[in-house]
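# Chain and residue survey
One-letter residues, chain by chain:
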There are 4 protein chains.
Amino acid sequence: MKTAFLGLGSMGLPLARHLLQAGHTVTVYNRTRARADLLKQLDPVIAESPAAAARGAEVLITMVADDAALEAVLLGDQGALPALPRGAIHVSMSTISPALSRRLAERHHAAGQTYVAAPVFGRPEAAEAKQLWIVAAGPPAALERCRPLFDAMGQGTIPAGEDPARANVIKLAGNFLLAAAIEALGEAFALGRKYGIAPAELLDIANGKLFRSPIYENYGKLIAEQRYEPAGFKLRYGLKDVRLALAAADEVAAPLPLASLLRDHYLSAVARGWQEIDWAGLARVAAADAGL
Amino acid sequence: MKTAFLGLGSMGLPLARHLLQAGHTVTVYNRTRARADLLKQLDPVIAESPAAAARGAEVLITMVADDAALEAVLLGDQGALPALPRGAIHVSMSTISPALSRRLAERHHAAGQTYVAAPVFGRPEAAEAKQLWIVAAGPPAALERCRPLFDAMGQGTIPAGEDPARANVIKLAGNFLLAAAIEALGEAFALGRKYGIAPAELLDIANGKLFRSPIYENYGKLIAEQRYEPAGFKLRYGLKDVRLALAAADEVAAPLPLASLLRDHYLSAVARGWQEIDWAGLARVAAADAGL
Amino acid sequence: MKTAFLGLGSMGLPLARHLLQAGHTVTVYNRTRARADLLKQLDPVIAESPAAAARGAEVLITMVADDAALEAVLLGDQGALPALPRGAIHVSMSTISPALSRRLAERHHAAGQTYVAAPVFGRPEAAEAKQLWIVAAGPPAALERCRPLFDAMGQGTIPAGEDPARANVIKLAGNFLLAAAIEALGEAFALGRKYGIAPAELLDIANGKLFRSPIYENYGKLIAEQRYEPAGFKLRYGLKDVRLALAAADEVAAPLPLASLLRDHYLSAVARGWQEIDWAGLARVAAADAGL
Amino acid sequence: MKTAFLGLGSMGLPLARHLLQAGHTVTVYNRTRARADLLKQLDPVIAESPAAAARGAEVLITMVADDAALEAVLLGDQGALPALPRGAIHVSMSTISPALSRRLAERHHAAGQTYVAAPVFGRPEAAEAKQLWIVAAGPPAALERCRPLFDAMGQGTIPAGEDPARANVIKLAGNFLLAAAIEALGEAFALGRKYGIAPAELLDIANGKLFRSPIYENYGKLIAEQRYEPAGFKLRYGLKDVRLALAAADEVAAPLPLASLLRDHYLSAVARGWQEIDWAGLARVAAADAGL
């Protein structure tokens, strides 16, 4: 399938590589060209602009940092949307707001194109290892047509209905649940430490006997060992995703007080200069607030 | 081992039964005698007061509702503590404050007795099925001596050091983590529902692909199906435990803002008349606040 | 002074009237023309578009609902900014984000124009009675030149420096303080009512002996009497302003947990259908959460 | 009137002095005798125990630190209650829980005595200057009989009904409102500072034009100038009072999320070692969380 791939960050690069390795014809574009060069031995076409990449593509895949970045590569100067052929599909894999997803679905529809929201669960290592889960929402025929691409990129694809916003909300709800678990562990560990209980001991019991979850295990260990660097997923992106969850909830009048708490703590972490550490470093705020 | 068992509620009754079935000599006491009669075919001695039960016991086990109930059976009229022989061990299995645990440890010490805190993780069904985890803290020799009793009551015993307060804090931290997961699921589901995403669909992804935790599975299902009756663990007990976590944290100046949020929501649930439903019903508050 | 006035809502209309009555030459524009007709006997020029109003004006005053409305009248189709002469001043009186204020200051600067932020404190009755306070920030010469207009519209003008964002932040901080007082009164009254203490009795003591503030008096009475209709300032605008305060704080990494709480409660009020009542109706949420 | 006065702290000492100066016969008791000696030139009887002070008194006044201290002087070793004559009145002026107030009312009733709750609003300086407001609840005849004492101690007495708990709840609600205003100012100032707005400038506008409240003025200045020492009212007492408000609200199932936030922030202040500064120092937490 003739594919254009925009955004070769820590998530996008391995995905583009998987597509190339699976034999797809891929034209790539990245704001800083050096990232594209990392794919050189797989011989992609390297485009000089989003528009150049989109021209003639059957499928356009985007994996960028946020709403603003996605709007820029699609609708900005030399943007991809006007250059994309009628009949093409845009597979939007970034973690963005459901509101933007709906707006883009309309714009693509007006241009005779199809929009598919396909955000993913998993960190860069999972992307490298083809272990991402892809949550895909859009017209069934489009999802079907994209299947070979999804199969090349992730360990599985979860269909999430026709309304693309649903996929984005599921992604945001998932990240909210992860951040909530991090906060809960951070507070529990702070309490424990004040009574002389090591986080590792508490984790052993709470996860070993109760939760038995790889999420609690992995994040629990990061927090117990205060191992926040290098960041698997940067704290400021965690803040971004919590903001998106709150904005999505605001649009439908759903208060999420726990998400508000997460946002305030992430914001305090940024105020203390911790924006580049792993988002599990949220737990540092609970510790600092307890004087630890 | 000559054992006195005080408190035959939904947790205490199956534990006393396991002890009797394992061949221990058990004298039981319950405020309302009818509960004790349920054990009749196992032929326990049924005492008329805590003191009567404690007299001559090598080990005194207590499993009651809260701090006040424990103080009453130990130190109230006809209380067990003064009647318990020197050299005996008090195994305190209720979910109580670490402060009371420390106070009782001193009282028992002054009386030539030993105090062991041994709260448990698991609901009544788990108690029936001998699937409880027992977290035990106290003098090593006392823990060792109680091992046959622990083995008869639970699926495993987790040693938690000498300071009995540690076991209570671990128990409270564990329940806090559970309640936090319930709140997070409740908010995530409320958000999802506003976008037409069924809780079961969201749970399938969030737990099936991310958390892979029996806790998220079980509580998630209860919430998704709004199946809060009959209660496995009553909401007002959940509130009690969150209060205890906050009080324990207050003593050591550890703010737990997520626990404060849980407390406020549990309290609102009680204000709405939901105190007798399952504590997973906390999720009803998030739904109601979102107008659902 | 040749003035263009855009936005004749419940705040803008009385302000435009004051200007006309003070003898200024005013061209008015409102999205729905009927509002402009209410000024007819004062003989304003009624423009058919923002651009038409701005053409030839020395000062452009805007008083619209929010960021989006302001961007629309300035930069949308037939927007005022491109039509405004070089050398003219834009006095932006709406409650908007400091971020938009700074962006507009740049845009106007690039067009050879001057931007002044001049948000106001006071409700529509105060606007009618010329009792508003105007907080004005911008280049001193521009503020000086606008003085006759400010004098015609309010009871006083508070200079707030050169950076226009400062005026917007002061406005948002002020509204945040008001909403915080409303929430505090709402919670205190809910507590009191549960002990049989009428809100009026509590208010009498708390404001009569402690705060002695007209704000506590006025909002306290609205809440005590549950007199939320007709709305002096609609709850959904209160929510909007709290959102703006949070967004302004987010930009500079200042967590405002009390504002987060306000936002969640306002959002819950909207979810319950209370968006059109007075923003003092926030107190209804505390009452409802207490089962009252 | 023959009066016993227990508790000569920073509040009790000036009150006892006022009574002596007004010509009442006062027997005083304080845990540390040195405080009593400060009254020597007014020639009080100095008792060696609460019981000794209470013996023969018509009215017993207590002004101590908290629930535990009050229970100790009344019901502990050499406690006042058993020594107080039948027919006597206990005027309880400490800031205590409504629950203890009700319990004491019963105890006194059983002893043929009368209980009056009479907490006060005002700081030590106000006590010195006879500027306290006394909120008094109890049987009307008892209130009437105590009037000369109230008149000697404060600037006015506010009757609050027969149920003594009402006076305590009013006191706690009042202090909650004060702490809420402190928190709101602290957050608003933190936001302002991040935009280069000095707290004093913001206060000038917010209080000068909006609130016009001596409370906002006084606390606002303390916070703006970060003048937290010497403490007028210590932060740890502020925490104590917020705890009492939350406990009183918990008893009647009224969630007070703003009070929870206050508690968490006060607790964090204690964790950072700020327990002895003025309770306006709560604002330091908002500043620290914003990285200021």
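Residues numbered from 1 in each chain as written. Chains lettered and ligands numbered in written order. Predicted model: local features only at pLDDT ≥ 70, side-chain atom pairs only at ≥ 80, totals over all residues.

### Here we look at the overall build of chain A
Put simply, the test is: Helix and strand definitions follow DSSP, with helices as H or I runs of at least four residues and strands as E runs of at least two, each counted in order from the N terminus. Within these notes, the globule rule equals 2.2 Å times the number of residues to the 0.38 power, and the radius of gyration is based on C-alpha atoms. By definition, residue pairs are in contact when their C-beta atoms, positioned from the backbone, come within 7 Å.
Regarding its fold elements, chain A presents 14 helices and nine strands. In terms of overall dimensions, chain A is globule-like: its C-alpha atoms have a radius of gyration of 20 Å, near the 19 Å expected for 292 residues. Along the three orthogonal principal directions, the C-alpha set of chain A runs to about 65 × 45 × 35 Å. A separation threshold of at least 6 residues defines the contact pool for chain A, and within that pool the share at least 24 residues apart is 66%.

### Points about the domain arrangement of chain A
Residue and element names in this part refer to chain A. Filter applied, for reference: Annotation comment: domain bounds sourced from an automatic or database domain assignment. Each residue gets one of three labels, nonpolar for Ala, Val, Leu, Ile, Met, Phe, Trp, Tyr, Cys and Pro, charged for Asp, Glu, Lys and Arg, and polar for the others, Gly among them.
Domain annotation for chain A reports domain 1 (2-162) and domain 2 (168-289). Domain 1 and domain 2 are separated by 29 Å when their C-alpha centres are compared. Listed per partner, the contact involves 14 residues of domain 1 and 13 residues of domain 2. Counting residues per element, the side of domain 1 that touches domain 2 draws most heavily on helix H6 (residues 98-110), at three residues. Its residues placed into classes, the side of domain 1 that touches domain 2 shows nine nonpolar, three polar and two charged.

### Observations regarding the sheet that holds strand E9 (residues 156-159) of chain D
Residues and elements named next belong to chain D. Here is the rule: Two strands form a pair only when DSSP identifies at least two bridges running between them.
Taken in spatial order, the three strands make up an open sheet running E7-E8-E9, and their pairing is mixed. Each having just a single partner strand, strand E7 (120-121) and E9 make up the two edges of the open sheet. Of the strand pairs in this sheet, E7 and strand E8 (residues 133-136) are connected by two bridges, and their pairing is antiparallel. Across the sheet, the residue bridging to Phe121 is Trp133, located in E8.

### As for the interface of chain B and chain A
The interface of chain B with chain A comprises 50 residues on the first partner and 50 residues on the second. When residues of the side of chain B that touches chain A are traced back to their parent elements, those giving at least two are strand E8 (133-136), helix H8 (164-194), helix H9 (199-211), helix H10 (214-224), helix H11 (235-251) and helix H12 (257-271) of chain B. For the side of chain B that touches chain A, the leading source of residues is H8(B), giving 18 residues.

### Section: the packing of H9(B) against H10(B)
All names here are of chain B. Rules: Simply put, an axis is a line fit to the C-alpha atoms, just over the touching stretch for a helix, and the angle between two N-to-C directions goes from 0 to 180 degrees. For classification, angles of less than 35 degrees are called roughly parallel, those exceeding 145 degrees roughly antiparallel, those between 65 and 115 degrees roughly perpendicular, and all remaining angles oblique.
Taken N-terminus to C-terminus, the directions of H9 and H10 make an angle of 175 degrees; their axes are 10 Å apart at the nearest point. Here H10 runs roughly antiparallel to H9, going by the angle between their axes. Here Pro199, Ala200, Leu203, Asn207 and Phe211 of H9 lie close against H10, whose contacting residues are Tyr216, Glu217, Gly220, Ile223 and Ala224. Considered class by class, the residues forming the contact of H9 with H10 number seven nonpolar, two polar and one charged.

### Focus on the confidence of the model for chain A
Note the following rule: Residue-level confidence of the predictor, termed pLDDT, takes values from 0 up to 100.
Averaged over chain A, the pLDDT score is 97; the fraction of residues at 70 or greater is 100%. Taken over the whole predicted complex, pTM reads 0.96, whereas the ipTM for its chain interfaces reads 0.96.

### So, helix H4 (residues 67-75) of chain B
All names here are of chain B. The criterion, for reference: Any residue surrounded by 20 or more other C-beta atoms within 10 Å of its C-beta is treated as buried, while 12 or fewer makes it exposed and the intermediate range makes it partly exposed; C-beta atoms here are placed from the backbone. Think of it as the arc spanned by the lines of direction from the helix axis to the C-beta atoms.
For H4, the full list of buried residues reads Leu70, Val73 and Leu74. Axial view of H4: buried residues confined to an arc of 95 degrees, hence all on one face. Residues of H4 that are buried make contact with strand E1 (2-6), helix H3 (50-54), strand E4 (59-62), strand E5 (89-92) and helix H5 (98-110).

### Notes on the sheet that holds strand E5 (residues 89-92) of chain D
Residue and element names in this part refer to chain D. Strand order in the open sheet formed by six strands is E3-E2-E1-E4-E5-E6, and the pairing between neighbours is parallel. Two strands bound the open sheet, and with one partner strand each, they are strand E3 (45-46) and strand E6 (114-117). In terms of strand pairing, strand E1 (residues 2-6) meets strand E2 (residues 25-29) through five bridges, oriented parallel. Bridge pairing links Lys2 to Thr25 in E2.

### Some remarks on helix H9 (residues 164-194) of chain A
In an α-helix there are 3.6 residues to a turn, and that puts residues three or four apart on one side. All names here are of chain A. This is how the line gets drawn: One less than the residue count of a helix, multiplied by 1.5 Å, gives the span that helix is expected to have.
In a regular helix each residue adds 1.5 Å, so 31 residues correspond to 45 Å; H9 covers 46 Å between its end C-alpha atoms and thus fits that length. Counting buried residues along H9, 29 of its 31 residues qualify, which places the element largely inside the surrounding structure. Gly196 sits one or two positions beyond H9 and adopts a positive phi of about 75 degrees.

### Details of the relation of the copies chain D and chain B
Cut-off, in case you're wondering: A least-squares superposition brings the copies together, and it is based on the C-alpha atoms of residues with pLDDT no lower than 70 in both.
Screw-axis analysis of chain D against chain B gives a translation of 0.1 Å along the axis, an RMSD of 0.0 Å, and a rotation angle of 180 degrees. With respect to symmetry, the two chain copies, as superposed, fit the operation of a two-fold axis. Closest approach to the rotation axis among the C-alpha atoms of chain D is made by D:Ser260, whose C-alpha sits 3.0 Å away. In this assembly, 100% of the residues forming the interface of chain D have copies in chain B that are likewise at the interface, indicating an isologous arrangement.

### A few points about the relation of the copies chain B and chain A
Overlaying chain B on chain A yields an RMSD of 0.1 Å, the required transformation being a rotation through 180 degrees with an accompanying axial translation of 0.0 Å. Interface overlap between copies: 100% of the residues of chain B at the interface are likewise at the interface in chain A, consistent with a symmetric, same-surface contact.

### Overview of the environment of A:Gly12
Residues and elements named next belong to chain A. Looking at the secondary structure, you find Gly12 in helix H1 (residues 12-21). When the 24 C-beta atoms within 10 Å are taken as the criterion, Gly12 is described as buried. Distance in space between the C-alpha atoms of Gly12 and Met93 is 9.0 Å, their sequence separation being 81 residues. Leave out the neighbours within four places in its chain, and Gly12 touches Phe5, Gly7 and Met63.

### Structural notes on the packing of H9(A) against helix H13 (residues 257-271) of chain A
Residues and elements named next belong to chain A. To keep it simple, the criterion reads: Each crossing is labelled by how the near helix is turned from the far one, with a counterclockwise turn of less than a right angle marking it left-handed and a clockwise turn marking it right-handed.
The N-to-C vectors of H9 and H13 enclose an angle of 70 degrees; their axes lie 10 Å apart at closest approach. What the angle tells us is that H9 and H13 run roughly perpendicular. Once H9 is placed against H13, the crossing between them reads as left-handed. Together, Phe176, Ala179, Ala180 and Glu183 of H9 and Leu258, Ala259, Leu261, Leu262 and His265 of H13 make up the contact between the two elements. Tallied by class, the residues present in the contact of H9 with H13 amount to seven nonpolar, one polar and one charged.

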